[in-house]
Amino acid sequence: MIASPTAAIDLAISGSLKASGLPPLMVATDQEGGIVSHLAPPLTRLPALASLAELAPDERKAKAEEFGRIHGRELASLGINLNFAPVLDLRPEAKRNQLDFNTLTNQRAISDDPAKVSAVAGAYIHGLESAGVSATVKHFPGLGRVRADTHHFDADLDTPVGELEATDWRPFRDVLSTSGARLMVGH
């Protein structure tokens with residue numbers, strides 16, 4: 001028995017795709033939590049992952065995984081199997097992004113500490129994946145480093161590659177090596 005009209009559509013589409021030898025349809029959304037909660041309501045409005053950064057490591061991991069499981073279950077119930085989350089950009093200094101009116105990376109970034117970003121994001125992704133929803137880490141190569149809102153302005157990333165490799169790129173390496181997450185370049 002099919003539980004919902006969404007499930008019936010999913011079944012019909014996936015059957016047609018499979019019969020045609022095509023890969024499964026990817027249905028995506030951007031549901032990070034915090035200010036990027038486009039489907040809340042009706043989905044649960046969760047705080048930004050940044051709200052977990054200062055918790056003790058065990059509690060931080062448990063809460064991040066719980067956030068991922070909640071998002072994963074709720075997104076999967078709507079037939080969504082790809083989430084454009086989490087943000088792995090390091091939190092910029094407030095004065096650095098004075099022209100960031102739309103991206104608001106300083107509110108969406110988990111932390112300025114690469115180890116905390118990796119830990120929170122990895123646990124969140126594990127929770128998402130446990131519900132059959134894939135994650136998309138973003139915004140490589142480090143949107144937190146640019147000075148302008150890239151929705152409206154061209155922006156240059158002028159940080160030396162060595163510094164990016166030691167800091168901003170660490171969460172991307174850590175998370176991508178331990179998950180099935182996808183990578184978003186820019187936005």
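These numbers come from a predicted model, not from an experiment.

### Observations concerning the packing of aromatic side chains
Next up, step 1: Counting across every chain of the model gives two aromatic pairs.
Next up, step 2: Measuring from centroid to centroid gives 5.3 Å for Phe140 and Trp169, while their planes differ by 35°, and the two rings are tilted. Residue Phe140 is located in strand E5 (residues 134-140), and its partner Trp169 is located in helix H6 (residues 169-176); the two are separated by 29 residues in the primary sequence.
Next up, step 3: A residue is classified by how much of its surface remains accessible, and Trp169, at 17% relative accessible area, is buried.
Next up, step 4: Clustering of aromatic rings is evident, with ring pairs tying together Phe140, Trp169 and Phe172.

### Remarks on the sheet that holds E5
Next up, step 1: Spatially, four strands are ordered E1-E4-E5-E6 in an open sheet, and the strand pairing comes out parallel. The sheet terminates laterally at strand E1 (28-29) and strand E6 (182-185), the two strands that pair on one side only.
Next up, step 2: Here E5 runs beside E6; their pairing, made up of three bridges, is parallel. Along E6, the bridge assignment pairs Phe140 with Val185.
Next up, step 3: Of the strands in this sheet, strand E4 (82-83) and E5 are in contact with helix H4 (residues 114-130), which crosses E5 at around 145°.

### What about H4?
Next up, step 1: Here H4 is 17 residues long and its end C-alpha atoms lie 24 Å apart, about the 24 Å a rise of 1.5 Å per residue gives.
Next up, step 2: Residue Asp113 occupies the N-cap position of H4, its side-chain oxygen lying 2.9 Å from the main-chain nitrogen of Ala115.
Next up, step 3: Of the residues trailing H4, Gly132 is marked for its positive phi of about 85°.

### Topic: empty space enclosed by the protein
Next up, step 1: Per the counting criterion, the structure on display carries one cavity of 30 Å³ or more.
Next up, step 2: For the largest cavity, the calculated volume is near 60 Å³.
Next up, step 3: For the lining of the largest cavity, a count of residues per class yields six nonpolar, one polar and two charged.

### Some words on the side chain of Glu32
Next up, step 1: In this structure, Glu32 sits in strand E2 (residues 31-33).
Next up, step 2: The class of Glu32 is buried, set by a relative accessible area of 7%.
Next up, step 3: Looking at Glu32, its side chain comes within polar contact range of the side chain of Lys138, at 2.7 Å.

### Details of the pattern of salt bridges
Once the charged atoms of two side chains with opposite charge are near each other, the side chains can pair.
Next up, step 1: Taken as a whole, this structure holds six salt bridges when the rule is applied.
Next up, step 2: Among the salt bridges present, the one from Lys138 reaches Asp30, with a minimum N-O distance of 2.9 Å. Placement of the pair is Lys138 in strand E5 and Asp30 in the loop between E1 and E2, with a sequence separation of 108 residues.
Next up, step 3: The exposure class of Lys138 is buried, given its relative accessible area of 1%.

### A short note on H6
Think of an α-helix as turning once every 3.6 residues; residues three or four places apart then point the same way.
Next up, step 1: Taken residue by residue, H6 has Trp169, Pro171, Phe172 and Val175 as its buried positions. Taken around the axis of H6, the buried residues stretch over an arc of 160°, which confines them to a single face.
Next up, step 2: The elements touched by buried residues of H6 are H4, E5, helix H5 (161-166) and E6.

What counts and how
- Residues numbered from 1 in each chain as written.
- Predicted model: local features only at pLDDT ≥ 70, side-chain atom pairs only at ≥ 80, totals over all residues.
- Heavy atoms only, no water.
- Phe/Tyr/Trp six-rings, centres within 6.5 Å; stacked < 30°, edge-to-face > 60°.
- Helix = DSSP H or I, 4+ residues; strand = E, 2+ residues; numbered from the N terminus.
- Buried < 20%, exposed > 50% of the residue type's maximum accessible area, 1.4 Å probe, protein only.
- Pairing = 2+ DSSP bridges.
- Contact = heavy atoms within 4.5 Å.
- Axes fitted to C-alpha atoms, helices over the stretch in contact; angles between N-to-C directions.
- Expected span 1.5 Å × (residues − 1).
- Polar contact = N/O pair within 3.5 Å; in protein donor to acceptor, adjacent residues only side chain to side chain.
- 1 Å grid on protein atoms, 1.4 Å probe; cavity = no way out; pocket = protein on both sides within 12 Å on 5 of 7 lines; lining within 4 Å.
- Points joined across faces, edges and corners; volume = space filled by probe spheres on them.
- Nonpolar A, V, L, I, M, F, W, Y, C, P; charged D, E, K, R; others polar.
- Salt bridge = Lys/Arg side-chain N within 4 Å of Asp/Glu carboxyl O.
- Arc of directions from axis to C-beta.

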